[in-house]
Amino acid sequence: MPMNQETIWTTLERLGAVQRGHFRDGDEHTDAELGSLDPLSDPVATEALAHELAEIARADTPDVILAMHGWTPLPGILVAFRVGVELGKPIISLSDEEGIVRASRPLYRGTKAALVGEAFSTRDVSLARAHVGQAGASLDGVFALIDDGRAERVQGLVSFAGHRHASATCPMCKEGHPLTEPASGSGAGRN
Ligand SMILES: [Zn+2]
């Protein structure tokens with residue numbers, strides 16, 4: 001049975017991938033922020049989330065899964081790995097070395113790729129798209145556990161879109177909730 005939205009949110013929160021509160025994010029306020037997913041703390045729950053993502057990615061019928069070896073490599077690689085297992089497709093890991101993308105294996109011309117992982121910044125998506133374009137392949141789908149609502153065309157199990165408000169119109173401020181102090185080691189600044 002598919003996980004419902006509420007279960008997905010609470011699971012992501014329990015695994016550290018999402019923090020709930022009342023955060024300042026530039027000129028905006030938000031009730032959800034990226035944390036850092038600890039997939040090893042609960043492999044079964046991580047796998048359940050990856051399964052949900054695989055079901056969405058399946059409809060895209062990719063030939064190859066791209067993983068992004070980014071800021072926190074392990075969660076993204078594990079999620080991509082599990083989706084690769086479920087779809088029976090190979091995985092190519094991309095790393096961002098100061099703007100130069102290195103791939104674990106070549107991507108062949110005409111291949112249809114899907115980018116899969118925990119969460120992607122605008123930079124991750126544009127670097128992956130540029131790499132795929134240079135190889136003469138195509139990148140149709142971008143699938144993440146969390147769509148941070150900034151990078152375009154990301155399909156997430158949950159999305160932060162709609163959770164951000166201009167500080168002047170923030171509903172949490174209107175209700176008198178104080179801002180949450182940022183936790184050390186939070187995902188702030190990943191974009
Ligand atoms: Zn507020």
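Every chain begins its residue count from 1, and numbering advances along the sequence as written. Predicted model: local features are reported for residues with pLDDT of at least 70 only, side-chain atom pairs are reported and counted for 80 or more only, and whole-chain, interface and lining totals are derived from all residues. Neither water nor hydrogens contribute to the side-chain values; these are computed over all heavy atoms in the structure.

Caption draft 1: Inspection of the sheet that holds strand 8 (residues 154-159) at higher detail. A pair of strands is considered paired only if DSSP assigns at least 2 bridges between the two. Secondary structure elements are defined from DSSP: runs of H or I of at least 4 residues count as helices, runs of E of at least 2 residues count as strands, and each element is numbered from the N terminus. Here we have 6 strands laid out as an open sheet, ordered 5-4-3-6-7-8, and mixed in their pairing. Either end of the sheet is taken by a strand with one partner, and the two such strands are strand 5 (100-103) and strand 8. Looking at each pair of strands side by side, their axes are set apart by 25 degrees on average, direction ignored. In terms of strand pairing, strand 7 (residues 138-147) meets strand 8 through 5 bridges, oriented parallel. Note on strand 8: the bridge partner recorded for Phe143 is Gln155. Whenever a helix is involved, its axis is fitted only over the stretch in contact; in every case the axis is a line through C-alpha atoms, and angles between N-to-C directions fall within 0 to 180 degrees.

Caption draft 2: Spatial organisation of unusual backbone geometry. Of note in the backbone geometry, Thr61 takes a positive phi value of approximately 45 degrees without being a glycine. On the secondary structure map, Thr61 appears in the loop between helix 2 (43-58) and strand 3 (64-69).

Caption draft 3: Local environment of helix 3 (residues 73-87). Helices are assigned an expected span. That span is 1.5 Å times one less than the residue count. Between the first and last C-alpha of helix 3 there are 21 Å, a value that for 15 residues agrees with the 21 Å anticipated at 1.5 Å per step. A 1.4 Å probe rolled over the protein chains alone gives each residue an accessible area, and that area as a share of the maximum for its type sets the label: buried under 20%, exposed over 50%, partly exposed in between. Taken residue by residue, helix 3 has Pro75, Gly76, Val79, Ala80, Val83, Gly84 and Leu87 as its buried positions. Axial view of helix 3: buried residues confined to an arc of 165 degrees, hence all on one face. Elements that come into contact with the buried residues of helix 3 comprise helix 2, strand 3, strand 4 (91-97), strand 6 (112-119) and strand 7. Positive backbone phi, approximately 65 degrees, marks Gly88, located one or two places after helix 3. By definition, the arc is the one covered by directions from the helix axis to the C-beta atoms. Contacts between residues were defined by any pair of non-hydrogen atoms, one from each residue, lying within 4.5 Å.

Caption draft 4: The packing of aromatic side chains, seen in detail. Pairing of aromatic rings covers Phe, Tyr and Trp, the last counted by its six-membered ring, and requires centre-to-centre distances within 6.5 Å; plane angles under 30 degrees mean stacked, over 60 mean edge-to-face, and any other angle means tilted. The tally for this structure, following the rule as stated, stands at 1 aromatic pair. Considering the side-chain rings of Trp9 and Phe160, the 6.1 Å spacing of their centres and the 20 degrees angle between planes classify their relative orientation as stacked. Of this pair, Trp9 sits in helix 1 (residues 5-14) while Phe160 sits in the loop between strand 8 and strand 9 (164-166); the two residues are 151 residues apart in sequence, bridging distant segments of the chain. There is no split in this pair, since Trp9 and Phe160 are both buried. It is Arg20 that lies over the ring of Trp9; its NZ or CZ is 4.5 Å from the centre. Criterion for a charge above a ring: Arg CZ or Lys NZ at most 6 Å from the ring centre, at most 35 degrees from the ring normal.

Caption draft 5: Structural context of the coordination of the zinc ion. For the zinc ion, the full set of protein donor atoms is His22 (NE2), His29 (ND1), Cys170 (SG) and Cys173 (SG), at a range of 2.0 to 2.3 Å. Note that the zinc ion binds 4 donor atoms; their angles at the metal cover 95 to 118 degrees, and the shape is tetrahedral. For Na, K and Ca the donor cut-off is 3.2 Å; for every other metal, N, O and S atoms count as donors within 2.8 Å. Water does not enter the count, which can leave sites looking incomplete. Expressed as a motif, the donor residue spacing for the zinc ion is H-x6-H-x140-C-x2-C. Residue His22 is located in strand 1 (residues 18-25), and its partner Cys170 is located in the loop between strand 9 and helix 5 (171-174); the two are separated by 148 residues in the primary sequence. Comparing His22 with Cys170, the two get one shared label, buried. Geometry is assigned from donor-metal-donor angles: four donors are tetrahedral when every angle falls between 85 and 135 degrees, four are square planar and six octahedral when opposite donors sit over 155 degrees apart with all other angles between 65 and 115, and any other arrangement is irregular.

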